Amino acid sequence: MSFPDTSSDESSAYNNNLHLTAAGMSFTYIRNNKGPNIEPWVTNFFIMFSFSEMAWKVKANDRPYHHLPEFKKKVFLCIKKSRYSGNAIKTYKYNVLTFLPLNLYEQFKRVANLYFLVLLILQIIPDIATLPWYTTLIPLVVVLGVTGIKDLVDDLARHRMDKEINNRKCEVLLDGRFQESKWRDMQVGDVVRMKKNDFIPADILLLSSSNPNSLCYVETAELDGETNLKFKLGLRVTDERLQDERQLAEFNALIECEEPNNRLDKFMGTMLYEGKRYPLDLDNMLLRGCKIRNTEVSHGLVIFAGADTKIMKNGGKTRFKRTKIDELMNYMVYSIFVLLILVAAGLAIGHTYWYEAIGSKAWYLFDGKKQDSSYRGFLMFWGYIIALNTMVPISLYVSVEVIRLGQSKFINWDLQMYFLEKDTPAKARTTTLNEQLGQIEYIFSDKTGTLTQNIMQFKKCTIAGRSYDVQFSHSKFLLSFSTGEPTTAAGVFVDHSLVECIRSGKDKDVNEFFKLLSLCHTVMVEHKDDGLVYQAASPDEGALVTAARNFGYVFLSRTQDTITIKEMEEERTYEMLALLDFNSDRKRMSIILKFPDGRIRLYCKGADTVIYERLSPKSRHKETTQTALDIFANATLRTLCLCYKDISADEYEAWSELHQEAQVAMSDRDAALDRVYEQIESNLMLIGATAIEDKLQDGVPETIAKLAMADIKIWVLTGDKKETAENIGYSCSLLTDDMQIHYGEDCKMCKGLHDNKHGGMSLQIDFVDMACECEAVICCRVTPKQKGNVVSLVKKYKKAVTLSIGDGANDVNMIKTADIGVGISGQEGMQAVMSSDYAFAQFRYLERLLLVHGRWSYIRMCKFLRYFFFKNFAFTLVHFWYSFFSGYSSQVAYEDWFITLYNLCYSSLPVLLVGLLDQDVNDKLSLKFPKLYLPGQQGALFNYKNFFISLFHGIFVSLVIFFIPYGAFLQTMGQDGEAPSDYQSFAIVTASSLIFTVNLQISLETSYWTFVNCFAVLGSIAIYFGIMFDIHSAGIHVIFPSVFTFTGAASNALRQPYLWLTIILTVGISLLPVICIQFLHKSIWPSVGDKIQRNRKKYEMELLQEEKKKKAPAFERGRRSRRSAYAFSHSRGYADLISSGRSIRRRPAARGIFQESIREVPQTAAENI
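If you're wondering where the values come from, they're calculated on a predicted model, not measured in any experiment. (Residues numbered from 1 in each chain as written. Predicted model: local features only at pLDDT ≥ 70, side-chain atom pairs only at ≥ 80, totals over all residues. Heavy atoms only, no water.)

Side note on the overall build of the protein chain
Convention followed: Going along the chain from the N terminus, every DSSP run of H or I of four or more residues is numbered as a helix, and every run of E of two or more is numbered as a strand. For every residue, the accessible area (1.4 Å probe, protein chains only) is compared with the maximum for its type, and the residue is labelled buried under 20%, exposed over 50%, or partly exposed between those bounds. In this description, contact between two residues means that some pair of their heavy atoms is separated by no more than 4.5 Å. Reported accessibility uses the Shrake-Rupley method at a 1.4 Å probe radius. Residues are deemed covered only where the shown protein chains occlude them.
Within the protein chain, the regular secondary structure consists of 39 helices and 40 strands. Evaluated residue by residue, the protein chain yields a buried proportion of 56% over its 1169 residues. Counted over contacts in the protein chain with a minimum sequence separation of 6, partners at least 24 positions apart contribute 75%. Of the roughly 50300 Å² of accessible surface on the protein chain, a fraction of 57% belongs to carbon and sulfur atoms.

As structure tokens, this is what we get:
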């Protein structure tokens, strides 16, 4: 059994203390969360004690065994199936048989769709049917059809992905030999053979490999987002006995282990083989989703397959995110439901009284039904529910989905968010959150790989009190010591005095400096393609070893007890006596070497804070090195001190005995080792210090400054030490010299949080209130879980819209917790991207995502919703006014087909285009004036106030549209002596007035005109008249006499100039108040956007002039002296593996001439400081 090593995460940094550095405020939250320290004998005892309770049994090379009755489970009634899943995966939702019923079921879970289905059923009842059934059926079918097609396309993509994965090939041991098989045909208990660069098809127990001691390297980027290689080990017994095909075919072990679960950091089991039991843990398991690296062939036994694998168990449902506008829109739809019921009830009551007073006494209104007034009123209630159903917009949701889909495509197509170096475009991985991008109030950002590039460069060093500048890309530079010149000159600068010191060999301190860098590390090396490949536990360590290589000290190979380097073209081998590995408490690592001449020396490198405590009083250059460290830290470089100590043979022998005793201690082994390490790591002699740059990404300071001007508060959540986090805060302009900085340890409230372990609600509220008053907040020493907790607190108590951005697996928690999650496709794998809502390659693109796409999306969606509600109110409430003149009989004021096509054809396209294309100012002005972003944060463009304004606007327009034609039709006569005041002519005039009004109204709302917008407005009006004349023609009436009843009505009514004047008057009066209000608003109370629009040409000229000028530097270095972090990983190195000897490769028979094609594999960022 293995426990997760919390120190391997950025989070567990040194006691899991959460320090919050704030401008204007400060607080800290301190936790002591050390993981369990279980000794090997305890682990083995626990395994032996609990194996009998393990319910998951796997027998090698025995498929029938797993189908025995005892391994079957009931799935339905008496139907049983094997509890062991097949290896085929299924992520799709539908198949040919289930698509229609399942998709319809999901769509009718929406209240609006279910409402219209109920309406359709009501329209079939003759007594209450006030509208033909097709007026509801056609819009409902269109909405369901569009949504169904979208769901089908998405599911077909999932089908293709599943098919591609399930049909991958692998080699399975069947009938005594390895045969090629598909992943989906693999079963639990199968022995499989995997080759280099193969994906692991299931959760597999490693049996043997082509490497010594069955070592197997795997890349876990798809599993945990980390790109550095991890090693797995086969048991010694399987390594020795299961190498060839015959031995594997005879393998018949029984594995008993834990049931399938989602714990990626834990596995516990035993193997019964040839009468003996062997313990199994996570180090023996190859998990599905990983990739075989640097291992030619490996063999394994399938333990969990398909849905039982850990990666599939972790594929739980992601929390559904909903925008604020979504929630508000749903509440407004519910409000419309309530309004509809109240209006229908009021009109039904009116009909009851009208029938008693008038209807029952008028002989010409007798319909032959013996129904009392109350029953008729009850029927009229349902009749008005049907007649006024368009008050609830059926096409609202599908229109919103279309707009969001289009906005997502615009993000994907934005070339200004395309990163050419990695061929990475921006990607909107969701289509439901675009307008929320325009309402962000808080941004929570990771540091390493998000604000920084996570590409380490050796920049400066100080040796024996003298500082040197070394500016080169460590992957492109190699010094040729025959000439003393770099082999590649582009972008390279090396202090020539340093080169001369190395070439001459006279300066012993310089030689010791680079010799230490090439010897004191836990880097693994592989000979490949006539070159070397370095595998480091952190990018920092890799950068230091590569820097030594570039200056002629090349790390070549290591064995269990030796390490070989090339010093100035001369190969030397040193005996490794002990390797004192790094951990987050020690903050240093050391190596004890025996030189070829018999001398014993300890080399040590670590954080300046721990190294200076252990220096000998005789050590020189402490003050000058301290000054250099301050200068390096002020330049936001990651610093590391180097020192050494000569040890006598007697001293080493005495210490070695203590070391061996500590290594076999049965309790507190780590503490015992630390005490022994402390004894030998004393009286050290200082050599110098290194400075490594984790460079900021391009445009980070400018982006943070722009976002701050938009009143967006930025918090940096990182696992780094406080000094590093503060330095990065200054370098990226999050902190400035005129800010007052306070630290968490000075905050009484945070001490209260520490004392009160659970932290009461009042403390949490005070904590959040205080933090949110700060201009900037930096949280250091945070675990991934704490990152998510910080985001949750702000969401819970501030009710703010939050965005989290990160690039690693340790950022997934906060990405999923925030309202918007953004993943950066950087150096740490793809897990952050796969968990995100939006993804791109550089932090600077966040500025454009929010200030341009987010703001535009919010403005467009708000304008769309306001107009959509208005046009439906204006359309539907005409029935309400008409009911006062029709005896509240639920008769409709329009023709049936006009009601059917109004939202589908006559008024949908212009508002859709406004929702897709409208913009108040262009993208450059949006970035120039971040204050334009404020209305979105305040929710000023769509709220209940705007909703009621749209409601009253609709009421006003419906009054005008009904009563002006009604007055015009009273006691009138046409030119030909015919009276145009019939019901059909009145319906045509009101419908025509409505179409002109709503299409011209959206024209007044449009800020950005294109040919498409103009065509949509004119086209909608043309479509209305074209369809109206067609359905009013005699020809279609002959074919469908009962469906098309307005024969000749349009041509008869619209040939009257009087009616055209009525339409013009109606439209003019409807639009005149809107024009006046807009004029007064923009003249007297202009918004920031109105002012910018008014001076748009002036600002555009200024932008052109600014682009011609030379850009100013991104930022100036701070004036304060700040200490940077030491350049180390949080995770342990490979010391245990090196000491065991299990990692050592078989050395080549003869080493060729050292090639210059040495390269370093990119490693994980994981906050490696």
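Observations regarding the confidence of the model for the protein chain
Operational definition: On a scale of 0 to 100, pLDDT captures the predictor's confidence in every residue.
Here the protein chain shows a mean pLDDT of 79. Residues at 70 or above account for 82%. Mean pLDDT values over the elements of the protein chain span from 33, in strand β2 (residues 26-30), up to 94, in helix α26 (residues 845-883). With pLDDT under 50 throughout, residues 754-758 is counted as low confidence; its partners more than four residues away or in other chains account for 4 contacts. Residue range residues 1145-1169 is modelled with pLDDT below 50. Its contacts to residues more than four positions away, or to other chains, number 101 contacts.

A look at the side chain of Thr 238
Positionally, Thr 238 belongs in helix α6 (residues 236-241). By relative accessible area, Thr 238 is classed as buried at 1%. Every residue in contact with Thr 238, bar those within four places of it in the chain, is listed here: Leu 206, Leu 207, Ser 208 and Met 271.

Topic: the side chain of Asp 923
In this fold, Asp 923 is placed in helix α29 (residues 923-928). The exposure class assigned to Asp 923 is buried, which follows from its relative accessible area of 16%.

Things to note about the pattern of salt bridges
Rules: Should a side-chain nitrogen of Lys or Arg be within 4 Å of a carboxyl oxygen of Asp or Glu, the pair is scored as a salt bridge.
Going through the model one piece at a time under the given rule, you end up with 42 salt bridges. When the shortest N-O distance is used, the salt bridge between Glu 274 and Arg 241 registers 2.0 Å. Linking Glu 274 in the loop between β13 (268-273) and β14 (276-281) with Arg 241 in helix α6, this pair joins segments that are 33 residues apart in sequence. Owing to a relative accessible area of 55%, Glu 274 belongs among the exposed residues under this scheme. Ionic pairing is found between Glu 678 and Arg 588, a salt bridge with its closest N-O pair at 3.1 Å. Note that Glu 678 is positioned in helix α18 (residues 669-680) and Arg 588 in strand β30 (residues 588-594), a separation of 90 residues in sequence. Each of Glu 512, Lys 515, Glu 567, Glu 570, Arg 572, Arg 601 and Asp 646 takes part in a single network of salt bridges with overlapping partners.

Re empty space enclosed by the protein
Where empty space is left becomes clear once a probe the size of a water molecule has been rolled over the atoms. Stated formally: Note on definitions: the grid is 1 Å and covers protein atoms alone; a cavity is a set of points where a 1.4 Å probe fits but cannot get out; a pocket is an open set with protein on both sides within 12 Å along at least five of seven lines; lining residues have an atom within 4 Å of a point. Grid points are joined across faces, edges and corners, and a volume is the space filled by probe spheres set on the points.
A full pass over the atoms with the stated rule returns 8 cavities of 30 Å³ or more. A volume near 120 Å³ is recorded for the largest cavity. In terms of lining residues, the largest cavity is bounded by Phe 116, Leu 131, Thr 135, Thr 136, Pro 139, Asn 389, Thr 390, Val 392, Ile 394, Ile 899, Thr 900 and Asn 903. Of all the elements in the fold, those that place two or more residues in the lining of the largest cavity are α4 (134-166) and α27 (896-906).

Digging into the sheet that holds strand β12 (residues 254-257)
The cut-off we apply is this: Two strands are said to pair when DSSP picks up at least two bridges between them. To obtain an axis, a line is fitted to C-alpha atoms, over the contacting stretch when the element is a helix, and the angle between two such axes runs from 0 to 180 degrees between their N-to-C directions.
Here we have 4 strands laid out as an open sheet, ordered β3-β12-β13-β14, and antiparallel in their pairing. Looking along the sheet, the strands with just one partner apiece sit at the ends: β3 (56-59) and β14. Within the sheet, the average angular offset between the axes of one strand and its neighbour, ignoring direction, is 20 degrees. Sheet topology note: the β3/β12 ladder contains 4 bridges and is antiparallel. In the strand pairing of β12, Val 58 is matched with Ile 255.

With respect to the environment of Ile 138
Following the sequence through the fold, Ile 138 ends up in helix α4. As a C-alpha pair, Ile 138 and Leu 904 span 766 residues in sequence and 9.3 Å in three-dimensional space. With residues up to four places along the chain from it excluded, the contact list for Ile 138 reads Trp 897, Thr 900 and Leu 904.

A few points about the sheet that holds strand β17 (residues 297-304)
Pairing in this open sheet of 6 strands is antiparallel, and the strands run β7-β6-β8-β17-β9-β15 from one edge to the other. Edge positions in the open sheet fall to β7 (177-182) and β15 (285-286), since each of these has one partner strand only. With 6 bridges connecting them, strand β9 (residues 203-209) and β17 associate as antiparallel partners. Its bridge partner being in β17, Leu 205 is matched across the sheet by Leu 301.

Quick look at the environment of Lys 706
Here Lys 706 shows up in helix α19 (residues 700-709). In this structure, Lys 706 is in contact with Glu 847, Leu 851, Leu 927 and Pro 930, ignoring residues within four places of it in sequence.

Some details on the layout of surface pockets
The cut-off we apply is this: Polarity classes work like this: nonpolar for Ala, Val, Leu, Ile, Met, Phe, Trp, Tyr, Cys and Pro, charged for Asp, Glu, Lys and Arg, and polar for all others, with Gly in that last group.
There is about 1500 Å³ of room inside the second largest pocket. Taken together, 43 residues form the lining of the second largest pocket, with Arg 866, Leu 941, Asn 946, Glu 1005 and His 1081 sitting closest to its centre. Secondary-structure elements contributing two or more residues to the lining of the second largest pocket are α26, α30 (934-938), α31 (944-969), α32 (983-1005), α36 (1057-1084) and α37 (1088-1094). Take the lining of the second largest pocket: its biggest share by element is 8 residues, from α26. For the lining of the second largest pocket, the per-class residue count stands at 18 nonpolar, 15 polar and 10 charged.

A few points about the packing of aromatic side chains
Aromatic ring pairs: the centre-centre distance and the angle between the two ring planes describe each pair. Defined as follows: Classification of ring pairs rests on two measures: the distance between centres of Phe, Tyr or Trp rings, Trp counted by its six-membered ring, which must be within 6.5 Å, and the angle between planes, read as stacked under 30 degrees, edge-to-face over 60 and tilted in between. Cation placement over rings: the criterion is NZ of Lys or CZ of Arg within 6 Å of the ring centroid and within 35° of the ring normal.
With the rule as written, the count across this model stands at 58 aromatic pairs. Judged by centre distance (5.2 Å) and plane angle (85 degrees), the ring pair of Tyr 94 and Phe 99 falls under edge-to-face. In terms of burial, Tyr 94 and Phe 99 fall into one category: buried. Centre to centre, the rings of Phe 880 and Phe 884 are 5.2 Å apart; their planes meet at 90 degrees, and the pair counts as edge-to-face. In this structure, Arg 168 packs its charged tip against the face of Trp 183, placed 5.1 Å from the ring centre. Above the plane of the ring of Phe 199 lies Arg 168, whose end atom (NZ or CZ) is 4.8 Å from the centre.

Points about a nonpolar patch on the surface
As a reminder of what qualifies: Each patch is built from salt-bridge-free residues with over 30% relative accessible area, joining like charges within 9 Å and nonpolar side chains (Val, Leu, Ile, Met, Phe, Trp, Tyr) within 5 Å.
A surface patch of nonpolar side chains, amounting to about 610 Å² of accessible area, comprises Val 111, Tyr 331, Tyr 334, Tyr 944, Phe 948 and Phe 952. At the level of elements, α9 (324-359) and α31 are the ones that each hand at least two residues to the nonpolar patch. For the nonpolar patch, the element with the highest residue contribution is α31, accounting for 3 residues. Inspection of the secondary structure puts Phe 948 in helix α31.

Things to note about the pairing of β9
Extensive coverage of β9 is indicated by the burial of 7 of its 7 residues. Taken together, the 2 bridges between β9 and β15 define a ladder with antiparallel strand orientation. Opposite Leu 205, over in β15, you have Met 285 as the bridge partner.

Remarks on the pairing of strand β34 (residues 713-717)
The side chains of a regular strand alternate, residue by residue, between the two faces of the sheet. Of all 5 residues in β34, 4 are buried; the element is thus mostly enclosed. By the bridge criterion, 4 bridges tie strand β19 (residues 442-445) to β34 in an arrangement that is parallel. Bridge assignment links Tyr 442 to a residue of β34, and that residue is Lys 713. Alignment of β34 against strand β36 (residues 777-780), held across 3 bridges, turns out to be parallel. Residue pairing across strands places Trp 715 opposite Val 777, the latter belonging to β36.

Some words on the state of the cysteines
To be explicit about the condition: Throughout, disulfides are identified as pairs of cysteine sulfur atoms within 2.5 Å of each other.
In total, this model carries 0 disulfides according to the counting rule given. For Cys 290, which is in no disulfide, the shortest distance to another cysteine sulfur is to Cys 216 and amounts to 9.7 Å. Looking at Cys 290, the relative accessible area reads 3%, which means it is buried.

Notes on the packing of α26 against α27
Selection rule: Roughly parallel covers angles under 35 degrees, roughly antiparallel covers those over 145, roughly perpendicular covers 65 to 115, and oblique covers all other angles.
Contact geometry for α26 and α27: axes closest at 11 Å, N-to-C directions at 170 degrees. Taken together, the axes of α26 and α27 are roughly antiparallel relative to one another. Across the interface between the two elements, Lys 871, Asn 872, Phe 875 and His 879 from α26 touch Phe 898, Ile 899, Tyr 902 and Asn 903 from α27.

Here we look at the packing of α32 against helix α33 (residues 1011-1031)
Let me state the cut-off plainly: In this scheme the handedness of a crossing depends on how the near helix is turned from the far one: anticlockwise by less than a right angle means left-handed, clockwise means right-handed.
Closest axis-to-axis distance for the α32/α33 pair is 9 Å, and the angle between their directions is 165 degrees. In terms of their interaxial angle, α32 and α33 are classed as roughly antiparallel. Where α32 crosses over α33, the two elements pack in a sense that is right-handed. Across the interface between the two elements, Ile 988, Ala 991, Ser 992, Ile 995, Phe 996, Asn 999, Ile 1002 and Ser 1003 from α32 touch Val 1017, Ser 1020, Ile 1021, Tyr 1024, Phe 1025 and Met 1028 from α33.

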